[in-house]
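# Observations on the model geometry
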Amino acid sequence: MELRSVEELMDLLYACRGSWADPGPGKGRVDLHQHALQTAALLRRRRPADKELQVAGLVHAIGPLLRPGDTAAHPASAADAVRGLLGERVGRLVREHHRSAGPVDDDLLCLRQADEEGHSAGFDAGVLEDWRTVLELLAARNSRLGAVD
């Protein structure tokens, strides 16, 4: 599935509300919607100028909705869905954020740390609508489909 517009992406992110994922052994289940917002907010605090990294944190959690039950395919599914709309860098970060093999750059390390902290963060990360403008700006710059709402 390839998302063709910011509106489609927003709908998918809203659909994460009430969807739960098991992040792994020893960790409690997380609401995907809240986890996405918290991960993105943590990245916004750490790297306020890096909108692509922040958005990668926001969209990394859509994989379970795209491929329910296929945990191994979640990162690739999410990356494939957003790459055309949000750009190659966002797609790469989303695809590789759980990959254990290969080199890890500072961006991936930062995303992984925020993802980990986002499982247990207990703060108000705002609302999804706060991210619409950032998503639209990235889509306008990166979309090969020109699909900006």
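Predicted model, so just to flag it, every value in this text is computed and none were measured. (Residues numbered from 1 in each chain as written. Predicted model: local features only at pLDDT ≥ 70, side-chain atom pairs only at ≥ 80, totals over all residues. Heavy atoms only, no water.)

## Remarks on the environment of Val 90
If you trace the backbone, Val 90 turns up in helix H6 (residues 88-96). The sequence separation of Val 90 and Leu 138 amounts to 48 residues, and the corresponding C-alpha distance is 9.6 Å. Discounting residues that sit within four places of it in the chain, Val 90 has contacts with Glu 52, Val 55, Ala 56, Val 59 and Val 82. (Helix = DSSP H or I, 4+ residues; strand = E, 2+ residues; numbered from the N terminus. Contact = heavy atoms within 4.5 Å.)

## Brief notes about the confidence of the model for the protein chain
This prediction gives the protein chain a mean pLDDT of 86; 87% of its residues lie at or above 70. Looking at the elements of the protein chain, mean pLDDT is at its lowest for strand E1 (residues 20-21), recorded as 68, and at its highest for helix H3 (residues 51-59), recorded as 97. A low-confidence stretch, residues 145-149 stays under pLDDT 50, and its non-local contacts, those more than four residues away or across chains, total 14 contacts. (pLDDT = per-residue confidence, 0-100.)

## Concerning the pattern of salt bridges
Within this structure, the stated rule accounts for 15 salt bridges. Across the pair Glu 117 and Arg 46 runs a salt bridge whose closest N-O atoms are separated by 2.5 Å. Of this pair, Glu 117 sits in helix H7 (residues 106-118) while Arg 46 sits in helix H2 (residues 32-46), and the two are 71 residues apart along the sequence. Residue Glu 117 is classed as partly exposed on the basis of its relative accessible area, which comes to 36%. Take Arg 46: its relative accessible area is 33%, and that puts it in the partly exposed class. For Arg 89, the salt bridge goes to Asp 107, with nearest N and O atoms at 2.8 Å. With Arg 89 in helix H6 and Asp 107 in helix H7, this residue pair connects regions lying 18 residues apart in the sequence. When its relative accessible area of 24% is taken as the criterion, Arg 89 is described as partly exposed. Accessibility expressed as a relative area gives 17% for Asp 107, which makes it buried. (Salt bridge = Lys/Arg side-chain N within 4 Å of Asp/Glu carboxyl O. Buried < 20%, exposed > 50% of the residue type's maximum accessible area, 1.4 Å probe, protein only.)

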